[in-house]
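Each chain is listed here by its residues.
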Amino acid sequence: MRVLALSGSLRAQSLNARVLREAARLAPDGMDFSFWERLDDLPHFSPERDEDPLPPAVADLRARVREADALLFCTPEYIHAMPAVLKNLLEWVVSSGACVGKPTAAWSVSPSLEGGARAQASLVHTLEVMSAKVVPEASLCLTLAHSGLDGDGHLRKQEQATLLCKALRELSFHAS
Ligand SMILES: Cc1cc2nc3c(=O)[nH]c(=O)nc-3n(C[C@H](O)[C@H](O)[C@H](O)COP(=O)(O)O)c2cc1C
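Attention here is on the structure that accompanies the text. None of the values given here were measured: they were computed from a predicted structure. (Residues numbered from 1 in each chain as written. Predicted model: local features only at pLDDT ≥ 70, side-chain atom pairs only at ≥ 80, totals over all residues.)

1. Concerning the environment of L61
Within the fold, L61 resides in helix α2 (residues 56–67). Overall, L61 belongs to the buried group, with 24 C-beta atoms counted inside 10 Å. Residues L61 and F45 lie 16 residues apart in sequence; the distance between their C-alpha atoms is 13 Å. When sequence neighbours within four positions are dropped, the list of residues in contact with L61 reads W36, R38, L89, W92 and V93. (Helix = DSSP H or I, 4+ residues; strand = E, 2+ residues; numbered from the N terminus. Buried ≥ 20, exposed ≤ 12 C-beta atoms within 10 Å, placed from the backbone. Contact = placed C-beta atoms within 7 Å.)

2. Regarding the site of the ligand
Surveying the vicinity of the ligand reveals 14 residues, the closest of which are S9, S14, N16, P76 and S112. Within the shell around the ligand, the residues separate by chemical class into 5 nonpolar, 7 polar and 2 charged. (Near = placed C-beta within 6 Å. Nonpolar A, V, L, I, M, F, W, Y, C, P; charged D, E, K, R; others polar.)

3. Here we look at unusual backbone geometry
Leaving glycine aside, a negative phi is the common case for residues, and trans is the common case for peptide bonds. Put simply, D52 and P53 share a cis peptide bond, and its omega is -5 degrees. With respect to the helices and strands, the residue P53 is situated in the loop between β2 (32–36) and α2. Here I79, not a glycine, exhibits a phi torsion of approximately 50 degrees, which is positive. Of note, I79 is situated in the loop between β3 (70–75) and α3 (84–94). I79 sits in the exposed class, given 9 other C-beta atoms within 10 Å. Of note, H80 is a non-glycine position whose phi angle comes to about 65 degrees, a positive value. By the secondary structure assignment, H80 is in the loop between β3 and α3.

4. Describing the pairing of strand β1 (residues 2–7)
Along β1, 5 of the 6 residues are buried, which leaves the element largely enclosed by surrounding structure. In this structure, β1 lies alongside β2, joined through 5 bridges in parallel fashion. Within β2, the residue paired with A5 across the bridge is F35. Chirality of the crossover, the property in question, places the unit of β1, helix α1 (residues 15–26) and β2 among those that are right-handed. Summarising the sheet, β1 and β3 pair through 5 bridges and their orientation is parallel. Paired with S7 across the strands is C74, a residue of β3. (Pairing = 2+ DSSP bridges. Right-handed = clockwise from strand over helix to strand, strands pointing away.)

5. Comments concerning α1
The terminal C-alpha atoms of α1, which comprises 12 residues, lie 16 Å apart, in line with the 16 Å expected from a rise of 1.5 Å per residue. Residues of α1 that are buried: L15, N16, A17, R18, V19, L20 and A23. (Expected span 1.5 Å × (residues − 1).)

6. Focus: helix α4 (residues 117–129)
With 13 residues, α4 should reach 18 Å at 1.5 Å per residue; the first-to-last C-alpha distance of 18 Å fits that figure. Listed as buried for α4 are A119, Q120, S122, L123, T126 and L127. For α4, the buried positions fall inside an angular range of 165 degrees around the axis, keeping them on one side. The inward-facing, buried residues of α4 contact β3, α3, β4 (103–110), β5 (133–134) and β6 (140–143). One or two residues past the end of α4 sits S131, with phi positive at roughly 65 degrees. (Arc of directions from axis to C-beta.)

7. Section: the packing of α2 against α3
Orientation of α2 relative to α3, taken along the N-to-C sense of each, is 75 degrees, at an axis distance of 10 Å. By the angle between their directions, the pair α2 and α3 is classed as roughly perpendicular. On α3, the residues that touch V58, L61, R62 and V65 of α2 are L89, W92 and V93. Among the residues making up the contact of α2 with α3, the classes are represented as 6 nonpolar, no polar and 1 charged. (Axes fitted to C-alpha atoms, helices over the stretch in contact; angles between N-to-C directions. Parallel < 35°, antiparallel > 145°, perpendicular 65-115°, else oblique.)

8. Considering the packing of α1 against helix α5 (residues 158–175)
Two elements in contact, α1 and α5, have axes separated by 10 Å at closest approach and are oriented at 70 degrees. Between α1 and α5, the angle is such that the two are roughly perpendicular. Judged by the sense of rotation from one axis to the other, the crossing of α1 with α5 is right-handed. The residues of α5 that touch α1, namely those facing E22, A23 and L26, are A161, L164, C165 and L168. Across the contact of α1 with α5, the residue classes tally to 6 nonpolar, no polar and 1 charged. (Left-handed = near helix turned anticlockwise from the far one by under 90°.)

Okay, structure coming up:
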């Protein structure tokens, strides 16, 4: 099963990107992870730009989403919502229909006590409007600071690793 992992952060030391790497390490057998890391290459969406030839990053994004069996988003929370760059990504995907019916997990990671729950809710809402098949059992909000990951990027708390494993198993179940 091919999982495409997409982080909503542009930061080099992003917690969300690092959690996606940790998810790939913890993933059950049969789950193959790839990462889409060209968020910063996407132009601002405008319907007038949504025509051939598409910007290269947009064409690549749509192809990668289309060929994935499942999607895993992991988003920071900025001002109580998903970051504009992630919403911009979704605006580029929507008219392609590549997300329709696609099993999708929506994760948020934040140092706050709520773990970015409002960003996750805004992400889920948008994905549902796009007719992605959001899997609630595979979605989570994780309270995590940089100290929650060790030098290798592994989660220090076993209960958080267990949560991730459970979410990934649910995604695998709903995508097969
Ligand atoms: C402009 C700005 C707004 C933020 N707003 C929120 C917020 O509303 N809720 C929250 O939990 N964290 C907020 N944060 C903190 C981020 O969750 C934190 O920086 C997180 O590490 C970003 O994710 P990343 O490490 O993947 O880049 C904000 C950070 C910035 C820079």
